[in-house]
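Understanding the architecture of this molecule
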Amino acid sequence: MTTFQGALWAQLALAVLAVLAAVLAGDRRRNLAAGLVTAGLGVAGCVTGAVALTGAGDALRVDTALPGLALGVAGTPLGGLFTLLAGVVATVASVYGIGYAHGAAASCTAWSAYAAFVLGLHLVPVAADAITFLLAWEVMAVGSTVLVLAEHRLRPTVRRAGLWYAVMTHLSFLFVAAGLGILTERAGDTSFAAMAEAPASGTGASVAFVLLVLGFGAKAGVVPLHVWLPRAHPEAPSHVSALMSAVMVKMGVFGIVLTTTTLLPDGPTWWALLLLALALPSAVYG
């Protein structure tokens, strides 16, 4: 087993252990137990990202109970950069959460969702196929939604923010799934490697590009798809908001970079103009 594969298995084991710590530890010890284990999950993410960033990352494929369906991850320098970012921020945020989390943010539900959120953030950049990517994306989305709603019983603004976030994050998922579906149909395979070898062209490629940009752009908070961001981030617990701002939003950027450099690298000029038209107002308004 390589270092990359070992770090990935360590992430999965630590995520399960963090959930168990959140569920089994008493109220007085939950923050310490779940926070330390999730910080360890962040460290494992740092190792995974660092190995992939140096070009030493390899692939790992796990068969599922469904015939012909396997989940795959692969270490690339691009994915390694974003996984390393996720690991560093998750480690620091988890340690901070030990002393900060209180009330609903210190519940077993919140800490379990936090562990799932961190795991999803780590796996999105190293996913090697559309199925694994969408699964990790949804784990990230559901975990963060639960955390945004952690204090919904205390403030009405949390409920409104959570509704906005839930709607926009799942619209993002649908756009990304539709775009990857078009590319999968063209390549005849769900793997990103196959999509890169047989990229879509013509109208199909343009439709896929627009769908992916909309999906990833919504997650990145680009104008005018940013409506959820100023509502949700202030309502999330502080250590969660740090992960959302510093890492989760960047997963939208990762998706756009993945699309333009790997999945659809040779697009027409208007694709670049579309990205500029979204990016410039977002930068100025942000």
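Because the structure is predicted, anything quoted here is derived from the model rather than measured.

A count of helices and strands for the protein gives eleven helices and two strands. For the protein, the α and β elements follow one another from N to C terminus as α-α-β-β-α-α-α-α-α-α-α-α-α. Here the C-alpha radius of gyration of the protein, 19 Å, is about what a compact globule of 286 residues would show, namely 19 Å. Dimensions of the protein, computed from C-alpha atoms along their principal axes, come out at roughly 60 × 45 × 35 Å. The long-range fraction of contacts in the protein, counting pairs at least 24 apart against all pairs at least 6 apart in sequence, stands at 76%. Within the structure as shown, the protein displays about 12400 Å² of accessible surface, and the carbon and sulfur contribution to it stands at 71%.

It is worth spelling out the side chain of K219 at this point. By secondary structure assignment, the location of K219 is in helix α8 (residues 202-220). Of the side chains with opposite charge, E138 comes closest to the buried, unpaired K219, at an N-O distance of 7.9 Å. Residues contacting K219, with those up to four places away along its chain left out, are W137, M140, Y165, T169, S172, W228, M248, V249 and G252.

Structurally, S206 can be placed in helix α8. A relative accessible area of 17% means that S206 is categorised as buried. C-alpha separation for the pair S206 and L85, spaced 121 residues apart in sequence, amounts to 31 Å. Ignoring sequence-local partners within four residues, the contact set of S206 consists of W270 and W271.

Moving on to the packing of α8 against helix α11 (residues 269-285). Think of two packed helices as two axes; the pair is described by the angle between the axes and how far apart they sit. Relative orientation of the contacting elements α8 and α11 amounts to 15°, with a least axis distance of 11 Å. Classed by the angle they form, the pair α8 and α11 counts as roughly parallel. Crossing geometry of α8 relative to α11 is assigned as right-handed. Taking contact as the criterion, the partners of A205, S206, F209, V210 and V213 in α8 are, on α11, W270, W271, L274, L275 and L278. A breakdown of the residues in the contact of α8 with α11 according to their chemical character gives nine nonpolar, one polar and no charged.

In this section: the confidence of the model for the protein. The predicted model of the protein has a mean per-residue pLDDT of 88, with 97% of residues at 70 or higher. No element of the protein has a lower mean pLDDT than helix α9 (residues 229-235), which averages 76, and none a higher one than helix α3 (residues 77-100), which averages 95.

A few words on the packing of aromatic side chains. Within the structure shown, the criterion is met by nine aromatic pairs. Aromatic side chains F209 and W271 sit 4.2 Å apart centroid to centroid with 5° between the ring planes, which places their arrangement in the stacked category. One end of the pair, F209, is in helix α8; the other, W271, is in helix α11, and 62 residues separate them in sequence. One exposure class covers both F209 and W271, and it is buried. Ring-pair connections join several aromatic residues into one group, and the members of that group are F133, W137, F192 and F216.

We now examine a nonpolar patch on the surface. Together, V16, L17, V19, L20, V23 and L24 line one region of the surface with nonpolar side chains, adding up to about 540 Å² of accessible area. Turning to its location among the elements, L24 is positioned in helix α1 (residues 3-24). With a relative accessible area of 68%, L24 lands in the exposed category.

Looking now at the environment of F254. Position of F254 among the secondary structure elements: in helix α10 (residues 238-263). On the basis of relative accessible area, F254 is assigned to the buried category, the value being 2%. Separated by 176 residues in sequence, F254 and L78 place their C-alpha atoms 8.1 Å apart. With residues near it in sequence (within four places) discarded, F254 still touches L78, G79, F82, V124, P125 and F133.

The rules we used
Residues numbered from 1 in each chain as written. Predicted model: local features only at pLDDT ≥ 70, side-chain atom pairs only at ≥ 80, totals over all residues. Heavy atoms only, no water. Helix = DSSP H or I, 4+ residues; strand = E, 2+ residues; numbered from the N terminus. Rg over C-alpha atoms; globule rule 2.2 N^0.38 Å. Contact = heavy atoms within 4.5 Å. Areas by Shrake-Rupley, 256 points an atom, 1.4 Å probe, with all protein chains shown as cover. Buried < 20%, exposed > 50% of the residue type's maximum accessible area, 1.4 Å probe, protein only. Lys, Arg positive; Asp, Glu negative; His and termini not counted. Salt bridge = Lys/Arg side-chain N within 4 Å of Asp/Glu carboxyl O. Axes fitted to C-alpha atoms, helices over the stretch in contact; angles between N-to-C directions. Parallel < 35°, antiparallel > 145°, perpendicular 65-115°, else oblique. Left-handed = near helix turned anticlockwise from the far one by under 90°. Nonpolar A, V, L, I, M, F, W, Y, C, P; charged D, E, K, R; others polar. pLDDT = per-residue confidence, 0-100. Phe/Tyr/Trp six-rings, centres within 6.5 Å; stacked < 30°, edge-to-face > 60°. Patch = residues over 30% accessible without salt bridge, like charges linked within 9 Å, V, L, I, M, F, W, Y side chains within 5 Å.

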